[in-house]
Amino acid sequence: MSKIKLSDWNRAVIKVGSGIIAPEGKCSTRYLLPIAGFISESINSGKEIILVSSGAVAAGLTTQPNLSKKNHRSIPEKQALAAIGQSILISLWSRFFDFPCSQILLTYDDIHNRRRFVNAKNTLNKLIELGTLPIINENDTVATEELKVGDNDNLAAYVAMLTEADLLIICTDIDGLYDADPKRKNDVKLIPVVTKITDEIFSLAGKSNNPVATGGMKTKIEAAQKATNIGIDTIIINATKKEVFDDLAKGKVAGTLFKKAASPVNARKHWLLHAVESKGKIYIDKGAENAILKKGASLLPSGDIYKDGSNLLKPIAKGITQYNSSDLSKIKGRKSAEIEKTLGFVITEEAIHRDELIITATK
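Residues numbered from 1 in each chain as written. Predicted model: local features only at pLDDT ≥ 70, side-chain atom pairs only at ≥ 80, totals over all residues. Heavy atoms only, no water.

*Asks:* Got a minute to help me understand the packing of aromatic side chains in this structure?
*Replies:* Aromatic rings in a pair are described by how distant their centres are and how their planes are angled relative to each other. Throughout the structure, instances matching the rule amount to 5 aromatic pairs. Pairing Phe97 with Phe99 gives two aromatic rings, centres 5.0 Å apart and planes at 20°, and the pair type is stacked. The exposure class assigned to Phe97 is buried, which follows from its relative accessible area of 10%. By relative accessible area, which is 12% here, Phe99 ends up buried. Seen from the ring of Trp9, Lys47 lies directly overhead, with NZ or CZ sitting 4.5 Å from the centre. (Phe/Tyr/Trp six-rings, centres within 6.5 Å; stacked < 30°, edge-to-face > 60°. Buried < 20%, exposed > 50% of the residue type's maximum accessible area, 1.4 Å probe, protein only. Lys NZ or Arg CZ within 6 Å of the ring centre and 35° of its normal.)

Spelled out as structure tokens, the structure:
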């Protein structure tokens, strides 16, 4: 396997999937020692590590033989298993280290809500400063479907974003991204470097065959896209092979490297793009569209128009409005100087300020 030189890094998020934690559906230390060794070596050399670990449900199953026999479990059963398994999972990791481990459980709402996002960021930075290894998992015990990130690949990308990491390491049980699904074809080639994540790259994703896994290659590519957009190199490696971590300690990647964007998005706009759910639509005229796309302008009320059938148009940008939908309806088409007279108050002259706006249209 060809090896790619990795850029220098100081802070890394390492995501360990269920296929590594529970290779036969039950928690095992079989593949964890090389990962733990790499973490210890990195921290002892002055680098910083945040670990995102799957496996809570699998760990909980070890204590519940009756539930382990069931093929389909209810949401309360899964949440209960996660609650039981979280402490087992932390204990499993802690035995490898001579420094303290700390646990953080996150939900999508912790990423979506800006204040909670910043609080999580501050907590993680303080834990690293205190010399602990933060171990993160999704809070499956309370998260409902609408509040779930859904998989730890994307969760790891969010964590890399909020901690401003230099590197995201996704540990799985295959060597990296192939030009076809290696579980369906024999004559496939590993792709060592991906410089840009396109629809073609996404089309290469196969399906996960692990019964306790929630992701697959698709979610790993999604995570890489989130991370590389903000300037974080991302690698997918086969954590069942000890030599992969020997290479990684030497700055070499035996796997697939997704290169960070040459012109990364700033952290707030990245959060806006990937972590904030859209709640509505604003349709604008051609003049406002040109001002936003070509001149880097804010969206002014005078540019707001609504058209029948406009839902067929592709969105060009995503942003946070300064006014609610009712107020926007009243000031649409009016000049900024008329806002106070129309509403009786003024927050800003813009409907959406440029700093709260990110372009989504492709060139």
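*Asks:* Honestly, the pairing of strand S4 (residues 101-106) in this entry has me stumped. Any pointers?
*Replies:* Every other side chain in a regular strand lies on the same face of the sheet, so the side chains alternate between the two faces. Side chains of S4 alternate between two faces, with Ser102, Ile104 and Leu106 buried and Cys101, Gln103 and Leu105 left unburied. As judged from the 6 bridges shared by S4 and strand S5 (residues 133-138), these two strands associate in the parallel manner. The partner of Cys101 across the bridge, within S5, is Leu133. (Helix = DSSP H or I, 4+ residues; strand = E, 2+ residues; numbered from the N terminus. Pairing = 2+ DSSP bridges.)

*Asks:* Sorry if this is basic, but what is going on with the pairing of strand S10 (residues 255-258) here?
*Replies:* Of the strand pairs in this sheet, strand S7 (residues 193-194) and S10 are connected by 2 bridges, and their pairing is parallel. Within the sheet, the bridge partner assigned to Val193 lies in S10 and is Leu257. Pairing between strand S8 (residues 233-238) and S10: 4 bridges, direction antiparallel. Looking at the pairing, Ile237 lines up with Gly255 of S10.

*Asks:* Explanation requested: helix H11 (residues 242-249) in the structure shown.
*Replies:* Helical geometry note: an α-helix holds 3.6 residues per turn, so side chains three or four residues apart project in the same direction. Taken residue by residue, H11 has Val244, Phe245, Asp247 and Leu248 as its buried positions. Considered in projection along H11, the buried side chains sweep an arc of 155° and stay on one side of the axis. Buried positions along H11 lie against helix H2 (32-44), strand S6 (167-172), S8 and strand S9 (252-253). In the stretch just after H11, Gly251 is the one whose phi turns positive, near 85°. (Arc of directions from axis to C-beta. Contact = heavy atoms within 4.5 Å.)

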